[in-house]
Amino acid sequence: MEQVALSDDLTISRIVHGMWRLSEWGFSDKDTLNFVEQCLEMGIDTFDHADIYGDYTVEEQFGKALSQNKSLNDKLKIVTKCGIKLVSKNRPEHYIKHYNTSYGHIIWSAEYSLKNLQRDNIDLLLIHRPDPYTDPYEVAKAFNKLKEEGKVKEFGVSNYLPSQFHALQAYLDFPLVTNQVEISVAAHQEWDNGTIDLCQELGMSPMAWSPLAGGAIFSAQTHRYITLKNVIHQVSDNLGVSIDQVMYAWLLNHPANIIPIVGSGKIERVKAAVEARKVELTRQQWFQIWVAARGESVP
Ligand SMILES: NC(=O)c1ccc[n+]([C@@H]2O[C@H](COP(=O)([O-])OP(=O)(O)OC[C@H]3O[C@@H](n4cnc5c(N)ncnc54)[C@H](OP(=O)(O)O)[C@@H]3O)[C@@H](O)[C@H]2O)c1
């Protein structure tokens, strides 16, 4: 599979796999290892994590499974995130969900992720959500320390508006390499809030979370989703591919070099995502989906 260069030092696979739902799949360590091996065979070498996934358990589950095959670990690129503090039985000291992007917390969280993942370094660390109480100077200080110590290779953000991206970037001596945001046939806000423009301005690839709208299109309930699903079906019938492949291709065909993060725990669905790289939509098919999602023609 093709690789996307996020910087001179880091490339990631064109399709990334996301581990948010790992704890729901009922996988044993052997199942997890097997799943990761099959992803690698398909060319997916990049896995998306966050400290909070699975109520703070997924990184440890993944690290434990991968420790059974140490040589595999060297072939993987790990993206993880920090900054959200959940109310959780695993964090009894939190009585309200909040954010923490202080120097101390970023360092602590990255080191905790490394310990759980059983790795020496993280390829890409993201601030998970914009923090209204952030001090960009502290974030930059933490990023510098983690970089100097070789614990994190590159840094980025998630769910940031362009203004929030620029505010943090202004404190850094190196570029943020991505903004991980929600983009799908049903989620267009990144076109409206200027993030896609920012990515194209900087030549920076955005990572797309919930590329299938979290599965909501398959079980479409609302008028908007039913209309959208019907149009996606029309396109998929014309192209002779599945509707999930049309949804991935809608992202992959876009000139902004959007990197979908596949969230399925079923390997045949991951394979469908990988195959979707070969699906070409015409400009009019792309707009058919855009218009169906918006509920109105372009002006
Ligand atoms: N940065 C952020 O704030 C943020 C937020 C959310 C997610 N993420 C990242 O993005 C990744 C992907 O998000 P996501 O899991 O929401 O992705 P998604 O692909 O939009 O949704 C995955 C869900 O759709 C279901 N699904 C997939 N194909 C299907 C099909 N053909 N028919 C029916 N159901 C189907 C999956 O079930 P099966 O497992 O049964 O296939 C799963 O429940 C996460 O793992 C995480 O790494 C980041």
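Residues numbered from 1 in each chain as written. Predicted model: local features only at pLDDT ≥ 70, side-chain atom pairs only at ≥ 80, totals over all residues. Heavy atoms only, no water.

A. View of the overall build of the protein chain. When helices and strands are counted, the protein chain shows 13 helices and 12 strands. The C-alpha radius of gyration of the protein chain comes to 19 Å, within 12% of the 19 Å expected for a compact globule of 299 residues. In terms of overall dimensions, the protein chain has a C-alpha envelope of 50 × 45 × 40 Å along the principal axes. Across the 299 residues in the protein chain, those meeting the buried criterion constitute 55%. The contacts of the protein chain with a sequence gap of at least 6 include a subset with a gap of at least 24, amounting to 75%. Per element, the accessible surface of the protein chain, about 13,500 Å² overall, is 50% carbon and sulfur. Positive and negative side-chain charges in the protein chain, numbering 29 and 37 respectively, have mean positions lying 4 Å apart. (Helix = DSSP H or I, 4+ residues; strand = E, 2+ residues; numbered from the N terminus. Rg over C-alpha atoms; globule rule 2.2 N^0.38 Å. Buried < 20%, exposed > 50% of the residue type's maximum accessible area, 1.4 Å probe, protein only. Contact = heavy atoms within 4.5 Å. Areas by Shrake-Rupley, 256 points an atom, 1.4 Å probe, with all protein chains shown as cover. Lys, Arg positive; Asp, Glu negative; His and termini not counted. Charge placed at Lys NZ, Arg CZ, Asp CG, Glu CD.)

B. Examining the packing of aromatic side chains more closely. In this structure the tally under the stated criterion is 14 aromatic pairs. With 5.6 Å between their ring centres and 55° between their planes, Phe 27 and Phe 35 make a pair best called tilted. For the pair Trp 191 and Trp 250, a centre-to-centre distance of 5.5 Å together with 65° between the ring planes defines the contact as edge-to-face. Of this pair, Trp 191 sits in helix α8 (residues 189–192) while Trp 250 sits in helix α11 (residues 243–252), and the two are 59 residues apart along the sequence. A relative accessible area of 0% means that Trp 250 is categorised as buried. Taken together, the ring pairs connect Trp 191, Trp 250, Trp 286, Phe 287 and Trp 290 into an aromatic cluster. (Phe/Tyr/Trp six-rings, centres within 6.5 Å; stacked < 30°, edge-to-face > 60°.)

C. Quick peek at the sheet that holds strand β9 (residues 152–158). The sheet built from 8 strands closes into a barrel, its strands ordered β3-β4-β5-β8-β9-β10-β11-β12 with parallel pairing. Ignoring which end each strand starts from, the neighbouring axes of this sheet average 30° apart. Of the pairings in the sheet, the one linking strand β3 (residues 16–18) to strand β12 (residues 259–262) comprises 2 bridges and is parallel in character. Among the inter-strand pairings, Val 16 is bridged to a residue of β12, identified as Ile 261. (Pairing = 2+ DSSP bridges. Axes fitted to C-alpha atoms, helices over the stretch in contact; angles between N-to-C directions.)

D. Representation of the nonpolar core within the structure. Among the nonpolar cores identified, the biggest contains 64 residues, and Phe 47, Phe 62, Ile 217, Leu 228, Ile 232, Trp 250 and Ile 289 are the most heavily contacted of them. Elements supplying a minimum of two residues to this core: α1 (29–42), α2 (53–56), α3 (58–66), α10 (223–239), α11, α12 (267–275) and α13 (283–294). At 8 residues, α11 tops the list of elements feeding residues into this core. Look past the residues within four positions of Ile 289 in its chain and what remains in contact with it is Val 185, Leu 228, Val 231, Ile 232, Val 235, Val 246 and Trp 250. Grouped together as the second largest cluster of nonpolar side chains are 25 residues, Val 139, Phe 143, Leu 168 and Leu 176 included. (Core = buried A, V, L, I, M, F, W, Y, C linked by side-chain atoms within 4.5 Å.)

E. Structural context of the side chain of Arg 119. Relative to the assigned elements, Arg 119 resides in the loop between α5 (103–117) and β8 (122–127). For Arg 119, a relative accessible area of 14% puts it in the buried group. In this structure the side chain of Arg 119 is engaged in a polar contact, spanning 3.3 Å, whose partner is the backbone oxygen of Leu 76. Beyond its immediate stretch of four places on either side in the chain, Arg 119 contacts Asn 73, Leu 76, Ile 78 and Leu 114. (Polar contact = N/O pair within 3.5 Å; in protein donor to acceptor, adjacent residues only side chain to side chain.)

F. Seen up close, the pairing of β9. Most of β9 is tucked away: 6 of the 7 residues are buried. Handedness of the crossover is the feature at issue here: the chain leaves β8, passes through helix α6 (residues 136–148), returns alongside β9, and the resulting connection is right-handed. (Right-handed = clockwise from strand over helix to strand, strands pointing away.)

G. A look at the pairing of β8. In terms of burial, β8 is largely enclosed, as 6 of its 6 residues are buried. Strand direction decides the pairing type here: strand β5 (residues 77–82) and β8, joined by 4 bridges, are parallel. The residue of β8 that forms the bridge with Cys 82 is Ile 127.

H. Broad picture of the site of the ligand. By nearness alone, 28 residues border the ligand, and Arg 21, Asp 48, Ser 210, Ser 264 and Lys 266 come closest of all. With respect to the ligand, the side chain of His 128 contributes an N or O atom lying 3.4 Å from an oxygen atom. Between the ligand and Pro 211, the relevant distance is 3.4 Å, taken from an oxygen atom to a main-chain nitrogen or oxygen of the residue. Protein burial of the ligand: of its 930 Å² of free accessible surface, 88% is covered by the chains. The class makeup of the residues in the shell around the ligand is 10 nonpolar, 11 polar and 7 charged. (Near = heavy atom within 4 Å. Nonpolar A, V, L, I, M, F, W, Y, C, P; charged D, E, K, R; others polar.)

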